[in-house]
Amino acid sequence: MAMSSIRSALARVPIAPKLRPPRRFAATAAAGDTQPERVAAEMVRYALGGAVRRSSPEEAMWILEQGASNLQGGGEGSAEAVGMLMLAMSTLLYRSGRRQDAMEKLKATQQVAPSAAFRVAAWEALMGLHMEAGQEISNSVSPNDSVDLSIKDDSKWSDQDHLKFRVNAIKGLIALLNGETESAQLFADGCRDFAGHGKHQTESAAVSYGEYLHCVGDFPMATQVYEGVLEAARMEDKSGNLLTAANMIPEEVSLGATCSYGQLLSHSGKFGEAEDYLTRALQKAEEQFGANHPKVGIVLTCVARMYKLKAKSEGSSSIMVQEGLYRRALEVLKAPSINSEGTNKHLDWRDIISLARGEYSELLLIQSNRKAEGERMKEWAEGAWRNRRLTLAQALDFSEPSKPTIVVDTRIGRIL
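The rules behind these values
Residues numbered from 1 in each chain as written. Predicted model: local features only at pLDDT ≥ 70, side-chain atom pairs only at ≥ 80, totals over all residues. Heavy atoms only, no water. Helix = DSSP H or I, 4+ residues; strand = E, 2+ residues; numbered from the N terminus. Buried < 20%, exposed > 50% of the residue type's maximum accessible area, 1.4 Å probe, protein only. Contact = heavy atoms within 4.5 Å. Areas by Shrake-Rupley, 256 points an atom, 1.4 Å probe, with all protein chains shown as cover. Salt bridge = Lys/Arg side-chain N within 4 Å of Asp/Glu carboxyl O. Expected span 1.5 Å × (residues − 1). Arc of directions from axis to C-beta. Core = buried A, V, L, I, M, F, W, Y, C linked by side-chain atoms within 4.5 Å. Axes fitted to C-alpha atoms, helices over the stretch in contact; angles between N-to-C directions. Parallel < 35°, antiparallel > 145°, perpendicular 65-115°, else oblique. Left-handed = near helix turned anticlockwise from the far one by under 90°.

The name given to the protein in an unreviewed UniProt entry is MalT-like TPR region domain-containing protein, with Urochloa decumbens as the source organism.

On to the overall build of the protein, then. In terms of helices and strands, the protein carries 17 helices and two strands. Sorting the 416 residues of the protein into buried and exposed places 58% on the buried side. Long-range pairs, those at least 24 residues apart, make up 70% of the contacts in the protein with a sequence separation of at least 6. Surface accessibility of the protein: about 17600 Å² in total, with carbon and sulfur atoms responsible for 49%.

This brings us to the pattern of salt bridges. For side chains bearing opposite charge, pairing can occur when the charged atoms are close. Overall, the coordinates contain 19 salt bridges when judged by the stated rule. When the shortest N-O distance is used, the salt bridge between D348 and R99 registers 3.5 Å. Taken together, the positions of D348 in the loop between α14 (319-332) and α15 (350-365) and R99 in helix α5 (residues 99-112) put the pair 249 residues apart, joining distant regions of the chain. Notably, a salt bridge pairs K308 with E362, separated by 3.4 Å at the nearest N-O pair. In this pair, K308 sits in helix α13 (residues 294-314) while E362 sits in helix α15, placing the two residues 54 residues apart along the sequence. Look at K308 and you get buried, because its relative accessible area is 16%.

Moving on: helix α12 (residues 271-289). The periodicity of an α-helix, 3.6 residues per turn, causes residues three or four places apart in sequence to face the same way. Here α12 is 19 residues long and its end C-alpha atoms lie 26 Å apart, about the 27 Å a rise of 1.5 Å per residue gives. All of the buried residues in α12 are F271, A274, Y277, L278, A281, L282 and A285. All buried residues of α12 fall inside an arc of 145 degrees around its axis, so they share one side. Facing away from the buried surface of α12 by more than 90 degrees, the exposed residues are G272 and E287. Those residues of α12 hidden inside the fold are in contact with α10 (219-235), α11 (250-267) and α13. G290 occupies a position one or two residues after α12 and carries a positive phi of about 100 degrees.

Before going further, it helps to spend a moment on the nonpolar core. Counting residues in each nonpolar core, the largest one holds 128 residues, and the members touching the most others are L85 and M131. When residues of this core are assigned to their parent elements, the largest contribution, twelve residues, is made by helix α6 (residues 116-132).

Take the packing of α13 against α14 next. Closest axis-to-axis distance for the α13/α14 pair is 8 Å, and the angle between their directions is 160 degrees. Compared by their axis directions, α13 and α14 come out roughly antiparallel. The interaxial crossing formed by α13 with α14 has left-handed handedness. Here P294, V296, G297, L300, T301, V303, A304, R305, Y307 and K308 of α13 lie close against α14, whose contacting residues are V321, Q322, L325, Y326, R328, A329 and V332.

A negative phi angle characterises most non-glycine residues, just as the trans form characterises most peptide bonds. With phi around 55 degrees, A246 is a residue other than glycine that occupies positive phi space. Residue position: A246 is located in the loop between α10 and α11. Classification of A246 as buried rests on a relative accessible area of 1%. One non-glycine residue, W349, adopts positive backbone phi at about 60 degrees. Take W349: it is sitting in the loop between α14 and α15.

Now the structure itself:
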């Protein structure tokens, strides 16, 4: 829809003198039955699709803000329409590199959410950004935190299985990051019925469940979950999935599932298929974010690790290939110099940078003329490593499916 058409559509939205109680939003989050929802859905598709290709981020944000302003206080469906637009604003802010602003917008969305479905969507994305930022989070967090439920007239998220799955998947992800595998298992209970069926915006939750299974060594079940998510992604119209935001949107989920499945195939010794899926993940990352985005560096790290396992399995050598991939990954991730001090300070993408440096150091240590550089790099990586489930040495020493392994989650840029 062109800008003039959007303005025209906004002008036609009836503004009621008094806001009627909001109806419960359909769980499928398709473009709604009301005119405000249809208008908002079209604006979101234009702003998020056009922000890269047809318009500037500023213009896209203007469209969303203008829409929210015009739809505020309208008739039936206007509260849901404004909620959609606010979620989209947070996604646009995140894409523009304004993570903190995106988090503030998600907090605001939680406060005005017209239903539990909106509140869970905003909370899921907010937790995703907290995790990406490397912030400490307890798995006791809830979508009800910091929200005055006394003024909310809707059903509880805990009474709706698909929303409960989304919440528990985030809690399980947090538990894995905290090194609490047993707690993660508790949150994984009951996930099997929802994982991978592509309904109710549960795809991101399914990826988290698949990653839990992957981490604990249940490769057959993890395979089923990843394949289910990828099949759902192929069949689904992503533009209709409006109750997601920031790093939990369908494009991020598709990238995450593709990369995690590639890692699983690599860990299973299926290197031909692993290379195929990781190449697809790399292409997705470059298309969605650009060749110099950190998420490209994250996927490159996974590709390099795949070549390491392949060389080890075949008794061959791919030192030059691996080194080239790690160097490029660290460049894209804007890794600080190994001679710099302050690895205890905040560092974006710390998990991935320390993993890539740890892997890279192993390549240098086996070359007699580069051992000193390798030692310095290894020392830096060990100082920066923060994973609570495995040591860096354990993470680098994966040799068989029965051993604990790490999984790189591209959505949050963290190591599980």
